[in-house]
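The primary structure of each chain is shown beneath.
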Amino acid sequence: MSSLFSARTPLILCLSVVLIGCGDADTPKTDTAETDAPQTATDGKSTPTQQASKLVEQAIAQIKDQKFDEAIASLNKAVETDQQNAEASFQRAGILADVGQDRLALSDYSRAIEINPNDVRYRNMRGLFLLTRSQLDQALLDFDEAVRVDPKYIQAWNNRGLVKLAKTDFHAAIDDFNQAVQIDPTYADGFNNRGFAWFKMEVYDKALADFDKTLELRPGYVNALNNRGMLHLRLKQHRDAITDFSEAIAHDENNPKHYQNRMTAFAALGMDENAQADRNRIQWLLKLGQINNVVAQTPQKPDGYIQRASHLAEAGKHEVALVNYEQAIKLASDKASPWTSRAKYWLEQGDFAKAISDATKALETEFSHPALSIRGDAFLQQGDYDKAIADYTAAKRLDPSVAQAYYQRALQRRQQGNEAGFRSDFETARQLDPQIGQ
């Protein structure tokens, strides 16, 4: 299942100006990260170096489990225990960068480099950090130093190429991507990014060859599919473009960019219904993004989760919709709103028993016209007309659904031989809906 929302924004490792040409993030190999060699204490107790190394290992495990607050606490303690533990500062820098604490992140990256200047991962990641902040000249210095220290470090060659792409120095960028793929002929990012450079230079045959090679090495690679689709668009090969964008969507279904690009290709072929469907999907995704922002800004309030649940349910994303309803109820189980919202969901899904249960829980917290109305509708669908009418009356509803409840109860009363009850309910139903029963 594709991720529709995230509790934490990932580090984006590509510039907006070269977005469609960027490769994968060069993330640190946290599971094999080198830490300072531990020393053995003469009294049998662990030394500060050993203690700090253990804390770093603990933090890396916490990062993998997405327990970032706990990881920060572990890394803070590691730095306090051993101020020469470069890995602690390095790992902490990554978390700080992700949450927008740029000044502190840069300080930690720089500290790690100062402690261990020959670890090219540190140079490379600080370069990436600077690259994503559009500090291109400073980023270039880090990548220059990384490839000087380790001329076989392909990620640094690739990332230096991205800087040069951002500077529109396409020939120099191609030289760096050449270095990367010569070192590792299976390095898909290098071929993808070189293809993008050729694309920007309008050397389309070489761009296509590089995108094809990328997808041969890594089938389903979304960036390469999008890039090749854009190339097909440029060449007015619209059906080929649609094929590429459709495959990109299959792997990355919640990215509006792919729908926007495919919509352009559909429109060029006069496939208006398909184009409109993509346009609708774009609007849905943009609204989802807005709701996600509300949740991110107010994570302890139920309203955003309720909005997101309803929006997801509209698109048939029932599993994640229910997760959001559950989170809203967890945050405000003593309020009617989350219970009522989920009751409405169950009503729309035709699960009337669950709708009644949730509406009843809502009414146990506070009087609610919406909860009464929803429960009345559920009772009506179950054929419990007495309870439906009682809820409609309490909710002060007067509409065709209420008319239907009276009409059905009228028929039921006639079957029971209650002619007076039939006439009373039938008259009420006709007052609410003059066309009923005709």
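Look above for the structure.
Analysis parameters
Residues numbered from 1 in each chain as written. Predicted model: local features only at pLDDT ≥ 70, side-chain atom pairs only at ≥ 80, totals over all residues. Heavy atoms only, no water. Helix = DSSP H or I, 4+ residues; strand = E, 2+ residues; numbered from the N terminus. Buried < 20%, exposed > 50% of the residue type's maximum accessible area, 1.4 Å probe, protein only. Contact = heavy atoms within 4.5 Å. Axes fitted to C-alpha atoms, helices over the stretch in contact; angles between N-to-C directions. Parallel < 35°, antiparallel > 145°, perpendicular 65-115°, else oblique. Left-handed = near helix turned anticlockwise from the far one by under 90°. Nonpolar A, V, L, I, M, F, W, Y, C, P; charged D, E, K, R; others polar. Phe/Tyr/Trp six-rings, centres within 6.5 Å; stacked < 30°, edge-to-face > 60°. Lys NZ or Arg CZ within 6 Å of the ring centre and 35° of its normal. Core = buried A, V, L, I, M, F, W, Y, C linked by side-chain atoms within 4.5 Å. Expected span 1.5 Å × (residues − 1). Arc of directions from axis to C-beta. Salt bridge = Lys/Arg side-chain N within 4 Å of Asp/Glu carboxyl O.

*Asks:* Can you tell me about the overall build of the protein chain, naming the residues and giving the values?
*Replies:* Helix and strand counts for the protein chain stand at 22 helices and zero strands. Per-residue burial for the protein chain yields a buried fraction of 48% across its 438 residues. For the protein chain, contacts bridging at least 24 residues in sequence account for 51% of all contacts bridging at least 6.

*Asks:* An account of the packing of helix α6 (residues 136–149) against helix α7 (residues 154–166) is needed here, citing residue identities and associated values.
*Replies:* At a minimum axis distance of 9 Å, the contact between α6 and α7 shows a crossing angle of 155°. For the element pair α6 / α7, the angle class is roughly antiparallel. Along this stretch, α6 crosses α7, giving a crossing that reads as left-handed. On α7, the residues that touch L136, A139, L140, F143, D144, A146 and V147 of α6 are A156, W157, N159, R160, V163, K164 and A166. Residues belonging to the contact of α6 with α7 are distributed by class as follows: ten nonpolar, one polar and three charged.

*Asks:* How would you sum up the packing of aromatic side chains? Please name residues and give values.
*Replies:* When we look at a pair of aromatic rings, we describe it by the centre distance and by the angle of the planes. Applying the stated criterion across every chain, the model contains nine aromatic pairs. A centroid spacing of 5.2 Å and a plane angle of 65° characterise the contact between Y345 and W346, whose relative ring orientation is edge-to-face. For W346, a relative accessible area of 12% corresponds to the buried category. Taken together, the ring pairs in this structure connect F90, Y109, Y122 and F129 into an aromatic cluster. Against the face of Y221 rests R218, its NZ or CZ located 4.2 Å from the ring centre.

*Asks:* Quick rundown of the nonpolar core? Include the residues and the values.
*Replies:* One finds L312, L380 and Y392 to be the most contacted residues of the largest nonpolar core, which totals 42 residues. Ranked by size, the runner-up nonpolar core spans 35 residues in total, among them F143, A173, F177 and F211.

*Asks:* Describe the environment of A52, with residues and values.
*Replies:* Of note, A52 is situated in helix α1 (residues 48–64). For A52, a relative accessible area of 0% translates into the label buried. Taking C-alpha positions, A52 is 8.9 Å from Q83, a pair spaced 31 residues apart along the chain. Look past the residues within four positions of A52 in its chain and what remains in contact with it is A78, T81, D82 and N85.

*Asks:* Report on the packing of helix α21 (residues 400–415) against helix α22 (residues 419–432), specifying residues and quantitative values.
*Replies:* Packing of α21 against α22 brings their axes to within 8 Å, and their N-to-C directions diverge by 160°. For the element pair α21 / α22, the angle class is roughly antiparallel. Taken as a pair, α21 and α22 cross one another with a handedness that is left-handed. Of the residues in α22, those touching α21 at V402, A403, Y406, Y407, R409, A410, L411, R413 and R414 are E419, G421, F422, D425, F426, T428, A429 and L432. Per-class residue counts for the contact of α21 with α22 are ten nonpolar, two polar and five charged.

*Asks:* Which residues make up the environment of L269, and what values do they have?
*Replies:* Assignment of secondary structure puts L269 in the loop between α13 (256–268) and α14 (272–297). For the pair formed by L269 and R239, sequence separation is 30 residues and the distance between their alpha carbons is 8.3 Å.

*Asks:* So what's going on with unusual backbone geometry? Residues and values would help.
*Replies:* Even without a glycine there, the phi angle at Q66 is positive, about 60°. Relative to the helices and strands, Q66 resides in the loop between α1 and α2 (68–81). Assessed through its relative accessible area of 59%, Q66 is described here as exposed. One non-glycine residue, T168, adopts positive backbone phi at about 60°. Of note, T168 is situated in the loop between α7 and α8 (170–183).

*Asks:* Break down helix α4 (residues 102–115) for me, citing the residues and quoting the values.
*Replies:* Between its first and last C-alpha atoms α4 spans 20 Å; for 14 residues at 1.5 Å apiece the expected length is 20 Å, and the two agree. If you check which residues of α4 are buried, you get A105, D108, Y109, A112 and I113. Angular distribution of buried residues about the axis of α4 spans 135°; they occupy a single face of the element. Relative to its buried face, α4 has exposed residues pointing more than 90 degrees away, namely R103 and E114. Among the structural elements, α3 (86–98) and α5 (120–132) are those in contact with the buried residues of α4.

*Asks:* Can you tell me about the side chain of N158, naming the residues and giving the values?
*Replies:* Position of N158 relative to the elements: it lies in helix α7. The exposure class assigned to N158 is buried, which follows from its relative accessible area of 1%. The residues contacting N158, other than those within four sequence positions of it, are F177, A180, Y187, D189, G190 and N193.

*Asks:* Give me the lowdown on the pattern of salt bridges, citing residues and values where you can.
*Replies:* Under the criterion given, the structure shown has 29 salt bridges. Where D142 meets R126, a salt bridge forms, and the shortest distance between an N and an O atom there is 2.7 Å. Pair noted here: D142 is in helix α6 and R126 is in helix α5, with a separation of 16 residues, a long-range link. Residue R126 is classed as buried on the basis of its relative accessible area of 16%. Sharing partners across several salt bridges, the network here consists of D144, R160, K164 and D176.

*Asks:* Can you break down helix α17 (residues 336–349) residue by residue, with the values?
*Replies:* Compared with an ideal rise of 1.5 Å per residue, which puts 14 residues at 20 Å, α17 spans 20 Å between its outermost C-alpha atoms and is within 8% of the ideal. Counting buried positions over the 14 residues of α17 gives ten, a clear majority of the element. Three or more residues of α17 are buried, namely A336, P338, W339, T340, S341, R342, A343, Y345, W346 and L347. Of the surrounding elements, those touching the buried residues of α17 are α15 (302–314), α16 (318–331), α18 (352–365) and α19 (369–382). In the stretch just after α17, G350 is the one whose phi turns positive, near 80°.

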